[in-house]
Each structure stands twice: as structure tokens, then as C-alpha cells.
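# Coordinate inspection notes
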Amino acid sequence: MIHDIDDLILLFDGVFADRYRTRLVRGEDEPIYLPADGRHDHHRIVFAHGFFASALHEISHWCIAGKERRLLEDYGYWYLPDGRNAQEQQAFENAEIAPQALEQLFTQACGRTFHVSVDNLGGEVEVDRDAFAQRVAARAQRYLAEGLPQRANAFYLALARYYQQGDTLEQAIAAGRALLAATEVSA
């Protein structure tokens, strides 16, 4: 299976652009979420360097962010770059379990291999990548058992339909939109 970033952009935009005024955008630098403003009528999930994994990761954050947070740049969160101490790294990992669990599910739906990101390459502390990976995997299993957040579920379905079941982009988008509409009516 070829994993073309343009297909991923079409899937995301097809499922969400109209209903949530949000688009997936290939970035040149670091990822960022930018709400609509005077120059842009859509919110933008900008992923790093055109990387497929970065796009899935940033989509995961968007799928968790509530309505108010989606009106704030980077959802109103701060980010501490490489070089975190032990306490800062623990806070980072705790905040990243849920989005990386969704990213793991999205990655698997695409038929790709998932790798956790501890994102502290120049840190002062030894990072236990395996322990973090186990926490992320456990949260992914909990999502599967208890249900994914509404937007995540719609995107997961679209990905699985396109990458695993052989649907066309249009069919996968229609399936994601239908699930989204059905869960909004029942919510």
C-alpha cells in the first residue's frame, strides 16, 4: 500500500472541512494548530515537513481537543522542547498518552508501523521508551474497548475503509461523514 500524504489530506479534509471548518496542511517547519482568523476561513492543522506520521499525530491532538481549545493557537497548550528534566518529561508523557494512543490506532488503520515519540532527544534524563510505549498501547486498547472520541472514530473508520478495505477516497470519506453524522444525532 502506498501512503501518499495527499491522500491523507484528502481523507481528513473530506471528512471534516465542511462540518468543522478545519483543514490538514503540509508544513515546512514545526507542527502547529492555527484557528481561523481574518485571513483564513478554516482552522489549520499544520504538520511537520510533509511527514505522514506527523500528520497522524497532529490529527490525534485535534480529535481530542474540545470546542473552546480548537479556537486557540496550539489549543492553548505550551510546549517545552528537547532538554526537559525528569519532572517535565513525566508531564509531557502524561499529556501525550491519549493522543499517541489515537495516533497508534490511526497508524494501524493505515497498515503502517507505529513508533511512540518521547520527544526529548537532548534531555538530561534517561527516558524509558518501552514503559511509555506500554502505557500508550494500554490506552489504545482502552479506546478500542470503550470507544474512540467521536471525531477520532469517524477518521479511524475512513482510514480503515481506504487503507484496509480498498474503498475509494470518496467511499471512505462518505463512510467517515456518515458515522460522524450518526453519532452527532445520537449525542
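Anything mentioned here points back to the structure above.
Cut-off values and rules
- The numbers attached to residues start from 1 for each chain and follow its sequence in the written order.
- Given that this is a predicted model, residues contribute local features only at a pLDDT of at least 70 and side-chain atom pairs are listed and counted only at 80 or more, while totals for whole chains, interfaces and linings are drawn from all residues.
- The basis for the side-chain values is all heavy atoms of the structure; hydrogens and waters are excluded.
- At least two bridges found by DSSP between two strands are what make those strands a pair.
- What counts as a helix is a DSSP run of H or I of at least four residues, what counts as a strand is a run of E of at least two, and both are numbered from the N terminus.
- Structural elements are reduced to axes, namely lines fitted to C-alpha atoms, with helices fitted over the stretch in contact, and the angle between N-to-C directions of any two is expressed from 0 to 180 degrees.
- For this classification, under 35 degrees means roughly parallel, over 145 means roughly antiparallel, 65 to 115 means roughly perpendicular, and everything else is oblique.
- Should the near helix be turned anticlockwise from the far one by less than a right angle, the crossing is left-handed, and should it be turned clockwise, the crossing is right-handed.
- Between two residues, a contact is recorded if the distance between any of their heavy atoms is within 4.5 Å.
- Gly counts as polar in this scheme, as do all residues outside two lists: the nonpolar Ala, Val, Leu, Ile, Met, Phe, Trp, Tyr, Cys and Pro, and the charged Asp, Glu, Lys and Arg.
- One less than the residue count of a helix, multiplied by 1.5 Å, gives the span that helix is expected to have.
- Salt bridges are defined by distance alone: a side-chain nitrogen of Lys or Arg within 4 Å of a carboxyl oxygen of Asp or Glu.
- Only protein chains enter the area calculation, which uses a 1.4 Å probe; residues under 20% of their type maximum are buried, those over 50% are exposed, and those in between are partly exposed.
- Among the buried residues, those of types Ala, Val, Leu, Ile, Met, Phe, Trp, Tyr and Cys that are joined through side-chain atoms within 4.5 Å form a nonpolar core.

## Observations concerning the sheet that holds strand 2 (residues 32-34)
Taken in spatial order, the three strands line up as 1-3-2 in an open sheet, and their pairing is mixed. Here the strands that pair on one side only, and so sit at the sheet edges, are strand 1 (22-26) and strand 2. In this sheet, adjacent strand axes meet at a mean angle of 20° when their direction is disregarded. With five bridges connecting them, strand 1 and strand 3 (residues 43-47) associate as parallel partners. Bridge assignment links Leu 24 to a residue of strand 3, and that residue is Ile 45.

## Quick word on the packing of helix 2 (residues 52-64) against helix 3 (residues 86-109)
Where helix 2 contacts helix 3, the two axes come as close as 8 Å, and the packing angle between them is 125°. In terms of orientation, helix 2 and helix 3 fall into the oblique class. Every pair of crossing elements has a handedness; the one defined by helix 2 and helix 3 is right-handed. Listed contacts from helix 3 to Ala 53, Leu 56, His 57, Ile 59, Ser 60, His 61, Cys 63 and Ile 64 of helix 2 are Glu 96, Ala 98, Pro 99, Gln 100, Leu 102, Glu 103, Phe 106 and Thr 107. In terms of residue class, the contact of helix 2 with helix 3 is made up of nine nonpolar, five polar and two charged.

## A few points about helix 2
Taking 1.5 Å of rise per residue, 13 residues should cover 18 Å, and helix 2 covers 19 Å from first to last C-alpha, within 8% of that figure. Where the residues of helix 2 are buried, they touch helix 1 (5-20), strand 1, strand 2, strand 3, helix 3 and helix 5 (150-163).

## Overview of the pattern of salt bridges
One pass over the structure, following the stated rule, counts six salt bridges. The partner of Asp 37 in a salt bridge is Arg 44, with the nearest N and O atoms 3.5 Å apart. Residue Arg 142 is joined to Glu 146 by a salt bridge in which the shortest nitrogen-to-oxygen separation is 3.3 Å. Residue Arg 142 and its partner Glu 146 are located together in helix 4 (residues 129-146), separated by four residues, close to a single helical turn. Look at Arg 142 and you get partly exposed, because its relative accessible area is 42%. Residue classification places Glu 146 among the exposed residues on the basis of a relative accessible area of 60%.

## Observations regarding the nonpolar core
Grouped together as the largest cluster of nonpolar side chains are 47 residues, with contacts concentrated most on Leu 8, Leu 11, Phe 155 and Leu 159. Elements supplying a minimum of two residues to this core: helix 1, strand 3, helix 2, helix 3, helix 4, helix 5 and helix 6 (169-186). With residues near it in sequence (within four places) discarded, Phe 155 still touches Leu 8, Leu 11, Phe 12, Phe 16, Leu 56, Ile 59 and Phe 106.

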